[in-house]
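# Remarks on the overall topology
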Amino acid sequence: MPEGITKQAETVQNLWNGSWIAALATGLVVWGLILWSVAFHRKRKNSEEELPPQVRYNLPIEILYTVVPIIMVGVFFFFTARDQNYVNAISGQAEVKVKVEAFQWSWRFTTDYNGKKTEVVGKPVSEYTQGPQLVLPVGKKVEFDLVSPDVIHSFWVPAFHFKRDVIPGVENRFEVETLNKPAVYAGRCAELCGVDHSRMLFSVKLVSQAEFDQYIATQAGAQ
């Protein structure tokens, strides 16, 4: 797997690319038919006919434009359902578990690892580097549990290729494998949630396993 990408992210990207390719191909066919109709089914110059020959119906064409969309929708559904089931699968084997509490207008991250817990609480900020920071190990499965006490928010880390809504009263758990590239990644709320929505920023810092172990030991011991 290339550095800086996970199998889940690659799956999402491939589905996105495939959807665009299919949409562009459909658009080319539609535009081609429109231009063909304009070129070959228009009133000829100096023609005495008021209109080109009119056709009430054409059974083969009607069958074609009924069957083809059904096949296209079926193909889209198959690949979407397949990839969605893969991305949403929870193995239950994640060593790191994070409870994400989204509130107006910041985040609380509670990390549970090897029986030790750490908590980070933020406040509205103008730069994501100033917001609460979630520290995670590289290349590890992490299980997230999203909750909200007030309104709908959306937990989004663009580099991870995922975005999940945080809905009051609705359980939303998912599992993601972190990138294998240590760095600090921007995160934000992607759902308009009130006055300071734009300041609901945070960051995710990916570190080596050794550094993560030290971080957990230090933070848990300080609480």
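Everything below is about the structure shown above.
Residues numbered from 1 in each chain as written. Predicted model: local features only at pLDDT ≥ 70, side-chain atom pairs only at ≥ 80, totals over all residues. Heavy atoms only, no water.

When helices and strands are counted, the chain shows 3 helices and 10 strands. Taken from the N to the C terminus, the helices and strands of the chain come in the order α-α-β-β-β-β-β-β-β-β-β-β-α. In terms of C-alpha radius of gyration, the chain reaches 26 Å, well past the compact-globule figure of 17 Å for 223 residues. Taken over the C-alpha atoms alone, the chain extends approximately 95 × 40 × 30 Å along its principal axes. Counting over 223 residues, the chain shows a buried share of 28%. Long-range pairs, those at least 24 residues apart, make up 67% of the contacts in the chain between residues at least 6 apart in sequence. Carbon and sulfur atoms make up 59% of the accessible area of the chain, which totals about 14,200 Å². (Helix = DSSP H or I, 4+ residues; strand = E, 2+ residues; numbered from the N terminus. Rg over C-alpha atoms; globule rule 2.2 N^0.38 Å. Buried < 20%, exposed > 50% of the residue type's maximum accessible area, 1.4 Å probe, protein only. Contact = heavy atoms within 4.5 Å. Areas by Shrake-Rupley, 256 points an atom, 1.4 Å probe, with all protein chains shown as cover.)

Right, let's get into the environment of Thr-11. One can find Thr-11 in helix H1 (residues 7-40). As for Thr-11 and His-161, which are separated by 150 residues in sequence, their C-alpha atoms are 9.5 Å apart. Discounting residues that sit within four places of it in the chain, Thr-11 has contacts with Asp-83, Tyr-86 and Val-87.

Taking 1.5 Å as the rise per residue, H1 with 34 residues should run 50 Å; its terminal C-alpha atoms sit 49 Å apart, in good agreement. Within the span of H1, buried status applies to Gln-8, Ala-9 and Thr-11. Its buried side turned inward, H1 meets helix H2 (59-88) and strand S8 (172-177). (Expected span 1.5 Å × (residues − 1).)

Within the element layout of this structure, Glu-175 appears in strand S8. Here Glu-175 is buried and forms no salt bridge, its nearest opposite-charge partner Lys-141 lying at an N-O distance of 4.1 Å. A distance of 2.9 Å separates the side chain of Glu-175 from the side chain of Ser-91, its partner in a polar contact. The contact partners of Glu-175, leaving out residues within four places of it in the chain, are Gln-8, Val-87, Ala-89, Ile-90, Ser-91, Gly-92, Gln-93, Ala-94, Lys-141, Val-142 and Glu-143. (Lys, Arg positive; Asp, Glu negative; His and termini not counted. Salt bridge = Lys/Arg side-chain N within 4 Å of Asp/Glu carboxyl O. Polar contact = N/O pair within 3.5 Å; in protein donor to acceptor, adjacent residues only side chain to side chain.)

For strand S2 (residues 106-113), the buried fraction is high: 6 of the 8 residues fall into the buried class. Hairpin connection of strand S1 (residues 96-103) to S2: 2 residues between the antiparallel strands. Strand direction decides the pairing type here: S2 and strand S3 (residues 116-121), joined by 6 bridges, are antiparallel. Looking across to S3, one finds that Phe-109 is bridged to Val-120. Where S2 folds back on S3, the antiparallel hairpin that results is connected by 2 residues, among which Asn-114 adopts a positive phi of roughly 55°. (Pairing = 2+ DSSP bridges.)

Inspection of every chain in the model, using the stated rule, returns 6 salt bridges. Note that Arg-108 is salt-bridged to Glu-101, the shortest N-O span being 3.6 Å. Across the pair Arg-108 and Glu-119 runs a salt bridge whose closest N-O atoms are separated by 3.9 Å. One end of the pair, Arg-108, is in strand S2; the other, Glu-119, is in strand S3, with 11 residues separating them in the sequence. Given a relative accessible area of 25%, Arg-108 falls into the partly exposed group.

Interpretation in functional terms is not warranted from these geometric data alone.
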